Amino acid sequence: MQKIGNLITQLVRYGEKTGLVAAEDRIYTINRLLEIFHLDEYTEEVPEEEMELEDILDGMLDWAYENGVTEENSIVYRDLFDTRIMSALVPAPSVVIQKFRELYQESPEKATAYYYKFSCDTNYIRRYRIKKDKKWTADTEYGTLDITINLSKPEKDPKAIAAAKNAKQSAYPKCLLCKENEGYAGRVNHPARQTHRIIPVTIDGKQWGFQYSPYVYYNEHCILFNSEHTPMKIDESAFRKLLDFIKQFPHYFIGSNADLPIVGGSILAHEHFQGGHYEFAMERAGIRKEITIPGFEQIQAGIVNWPMSVIRIRHEDADLLVKAAAHILESWRKYTDEEAFIFAETDGEPHNTITPIARMRDGKYEFDLVLRNNITTKEHPLGVYHPHQELHHIKKENIGLIEVMGLAVLPARLKDEMAKLGEYIVEGKDIRSDETLEKHADWVDEFIGKYDVVTAENVEEILQKEIGIVFKKVLEHAGVYKNTEEGMKGFMRFIESL
């Protein structure tokens, strides 16, 4: 086991190298670390070689457990403690905000580049975990989709799950997005956020917070959240807020999950948007059919060539574009077309909403407005416009903003399942005989005949290709109008009703 003195020296040097620890703060940082490890003295040791941050923290966590500083050693407790360790290197919010604002005066890109690197260097974004995510692409008639198996969220162990269940319920912070998370030590049922720093921004005249997602599903995956804990709502003001952000950060896109269950995101109780510095397949998708929005003839508009039902509108006048988006939303909210199985409401429960995405392209503001409907039936209890039962072996979860744009975030279980399934296929074993693989058997029967030879060398590539096809179908299922002649007729009936 590494000596703790050596590890402290390594960590402080890491802090100096990344710019987290100024030369004037060196001794202060060492003393903060001594306090965390219950140590009274420190002798500087010259390290033989520089260690990676992950290895430094692992060594510190092992030492802390072996020496009684921490009582538990599972992933949940290690994450709580290593965040506390890193907090000794992280400057106060005011320092980070000042630096961000200084750089913003030079350019928004410089400010976000600094803040993203800072969020990675502090280990708030755990780069070494995100590297473990499996990623590949899938070529389809709609363009190249991104596929990821998300491995960066750690699985909780049974002991931590039991401790979380028995832990006193707290309403502080109210949710994972609230501003009160900044600097919070965390607990067994709430992640530590001592290394978390929020940039205050003014959006549509109100205080909002700007931060990065700790799980980073794509480059510079950011979250913009209301400073007040207020529910998600898609309305004219939401469109204004999205474009206000784009005015301030024109190199980013920004979008919102829908505001209804099934078609919405995982946190509907707190108004927030997600953005970043990434080009999704939806952005690259062309226009399938140009259209005119009545009353807004000067706006460029079209139906996007995409598996879901998307109206794209563009103009240099942000206010005009907001008005057009609000008109489309208002019309869609109350729109019913029984022939197309679209109902605005049943038994007083509303079903229609929009997933909006905003960006700046070639000097014009642009909205992609994705029509959503969350109606359920006996045949499709999780949603008619949701992945159907036959796709649940791969993707059962809600189709939120990130998937809508063409990036599949698939469950971690698939990593091991696909490795095992590949073995069964190559060795000719009975897939239905295995409890975890049985759900994939019908799917394999459907596609296996397409391939002349399946070997240990090509089976992973085949499975990845077929998962890509499943994700394309997932998006098609989520589309309210299908990409058929009949579907396009239905879509045009809505456009004509505007």
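Scroll up to find the structure.
Now for a quick tour of the structure. (Residues numbered from 1 in each chain as written. Predicted model: local features only at pLDDT ≥ 70, side-chain atom pairs only at ≥ 80, totals over all residues. Heavy atoms only, no water.)

Glancing now at the packing of aromatic side chains. This model, assessed by the stated rule, comprises 32 aromatic pairs. With 5.7 Å between their ring centres and 45° between their planes, Tyr115 and Phe210 make a pair best called tilted. Of this pair, Tyr115 sits in helix α6 (residues 108-121) while Phe210 sits in strand β4 (residues 206-212), and the two are 95 residues apart along the sequence. A network of ring pairs unites the aromatic residues Phe100, Tyr104, Tyr115, Tyr116, Phe210, Tyr212, Phe245, Phe249 and Tyr252 as a single cluster. Geometry around Tyr114 places Lys99 over its ring, the cationic atom sitting 5.9 Å from the centre. Note that Lys429 overlies the ring of Tyr424, its terminal NZ or CZ placed 4.9 Å from the centroid. (Phe/Tyr/Trp six-rings, centres within 6.5 Å; stacked < 30°, edge-to-face > 60°. Helix = DSSP H or I, 4+ residues; strand = E, 2+ residues; numbered from the N terminus. Lys NZ or Arg CZ within 6 Å of the ring centre and 35° of its normal.)

One pass over the full model with this rule turns up 37 salt bridges. Note that Asp434 is salt-bridged to Lys420, the shortest N-O span being 2.7 Å. Pair noted here: Asp434 is in the loop between α13 (413-427) and α14 (441-447) and Lys420 is in helix α13, with a separation of 14 residues, a long-range link. Here the residues in one salt-bridge network are Glu283, Arg312, Arg314, Arg359, Arg361, Glu366 and Asp368, joined through shared partners. (Salt bridge = Lys/Arg side-chain N within 4 Å of Asp/Glu carboxyl O.)

The subject of this paragraph is the environment of Ile431. Locating Ile431 in the fold gives a position in the loop between α13 and α14. According to the relative accessible area criterion, Ile431 is buried, its value standing at 10%. In this structure the C-alpha to C-alpha distance between Ile431 and Lys420, which are 11 residues apart in sequence, comes to 9.7 Å. Contact partners of Ile431, with chain neighbours within four places excluded, come to Leu421, Tyr424, Ile425, Leu437, Glu438, Ala441 and Val444. (Buried < 20%, exposed > 50% of the residue type's maximum accessible area, 1.4 Å probe, protein only. Contact = heavy atoms within 4.5 Å.)

Our next topic: the packing of helix α1 (residues 4-18) against helix α3 (residues 53-66). Running from amino to carboxyl end, α1 crosses α3 at an angle of 145°, the nearest separation of the two axes being 10 Å. As for how α1 packs across α3, the hand of that crossing is left-handed. Contact residues: Ile4, Leu7, Ile8, Gln10, Leu11 and Tyr14 in α1; Leu53, Ile56, Gly59, Met60 and Trp63 in α3. Among the residues making up the contact of α1 with α3, the classes are represented as nine nonpolar, two polar and no charged. (Axes fitted to C-alpha atoms, helices over the stretch in contact; angles between N-to-C directions. Left-handed = near helix turned anticlockwise from the far one by under 90°. Nonpolar A, V, L, I, M, F, W, Y, C, P; charged D, E, K, R; others polar.)

We now examine the packing of helix α9 (residues 236-248) against helix α11 (residues 318-333). Relative to each other, α9 and α11 sit at 145°, their axes nearing to 9 Å. For the crossing formed where α9 meets α11, the hand is right-handed. Seen from α9, the contacting residues are Glu236, Phe239, Arg240, Leu243 and Lys247; seen from α11, they are Ala318, Leu321, Val322, Lys323, Ala325, Ala326 and Leu329. Residue composition of the contact of α9 with α11, grouped by class: eight nonpolar, no polar and four charged.

With that settled, consider the side chain of Gln194. One can find Gln194 in the loop between α8 (158-166) and β3 (199-203). Exposure remark for Gln194: the relative accessible area of 14% places this residue in the buried category. Other than its neighbours up to four places away in sequence, Gln194 contacts Leu80, Thr83, Arg84, Ser87, Gly183, Tyr184 and Ala185.

Quick look at the nonpolar core now. In terms of nonpolar packing, the biggest core is built from 99 residues, with Phe210 and Ile313 touching the most fellow members. Broken down by element, this core gets its largest block of residues, 10 residues, from α11. Sequence-distant contacts of Ile313, defined by excluding residues within four places in its chain, comprise Ile293, Ile299, Gln300, Ala301, Leu321, Ala324, Ala325, Ile328, Tyr365, Glu366, Phe367 and Leu369. Counting 51 residues, the second largest nonpolar core, distinct from the first, contains Tyr217, Ala285, Leu391 and Phe471. (Core = buried A, V, L, I, M, F, W, Y, C linked by side-chain atoms within 4.5 Å.)

The pairing of strands in a sheet happens through backbone hydrogen bonds and is either parallel or antiparallel. In space, the three strands of this open sheet follow the order β1-β2-β15, with mixed pairing throughout. In this open sheet, the two edge strands, each paired with only one partner strand, are β1 (134-140) and β15 (407-410). Across the sheet, the mean angle from the axis of one strand to that of its neighbour is 20°, orientation sign disregarded. Bridge analysis of β1 against strand β2 (residues 143-149) gives seven bridges, and the strand direction is antiparallel. Looking at the pairing, Asp139 lines up with Thr144 of β2. Packed on one face of the sheet, helix α15 (residues 459-478) meets β1, β2 and β15 and runs near 110° to β2. (Pairing = 2+ DSSP bridges.)

Attention shifts here to the sheet that holds strand β10 (residues 310-315). Spatial ordering of the open sheet is given by β3-β4-β5-β7-β6-β13-β14-β10-β9-β8, a layout of 10 strands whose pairing is antiparallel. On the outer flanks of this sheet lie β3 and β8 (287-291), each paired with one strand and no other. With direction set aside, neighbouring strand axes in the sheet form an average angle of 25°. Of the strand pairs in this sheet, strand β6 (residues 253-255) and strand β7 (residues 272-276) are connected by three bridges, and their pairing is antiparallel. Bridged to Phe253 within β7 is Gly276. This element, helix α5 (residues 93-106), spans β3 and β4 of the sheet and lies at about 55° to β3.

Turning our eyes to something else, we now look at unusual backbone geometry. Negative phi characterises most residues that are not glycine, and trans characterises most peptide bonds. The amide bond that connects Tyr172 to the next residue, Pro173, takes the cis arrangement and shows omega of -20°. Even without being glycine, His38 reaches a positive phi, approximately 60°. Within the secondary structure, His38 sits in the loop between α2 (26-36) and α3.

Let us now look at the environment of Lys395. Considering the arrangement of structural elements, one finds Lys395 in the loop between β14 (364-373) and α12 (401-404). A residue is classified by how much of its surface remains accessible, and Lys395, at 4% relative accessible area, is buried. If we skip the residues at most four places from it in the chain, Lys395 touches Pro387, Glu403, Val409, Leu410 and Val474. A distance of 2.9 Å separates a polar atom in the side chain of Lys395 from a polar atom in the side chain of Glu403. Among the polar contacts made by the side chain of Lys395, one reaches the main-chain carbonyl oxygen of Val409 at a distance of 3.0 Å. (Polar contact = N/O pair within 3.5 Å; in protein donor to acceptor, adjacent residues only side chain to side chain.)

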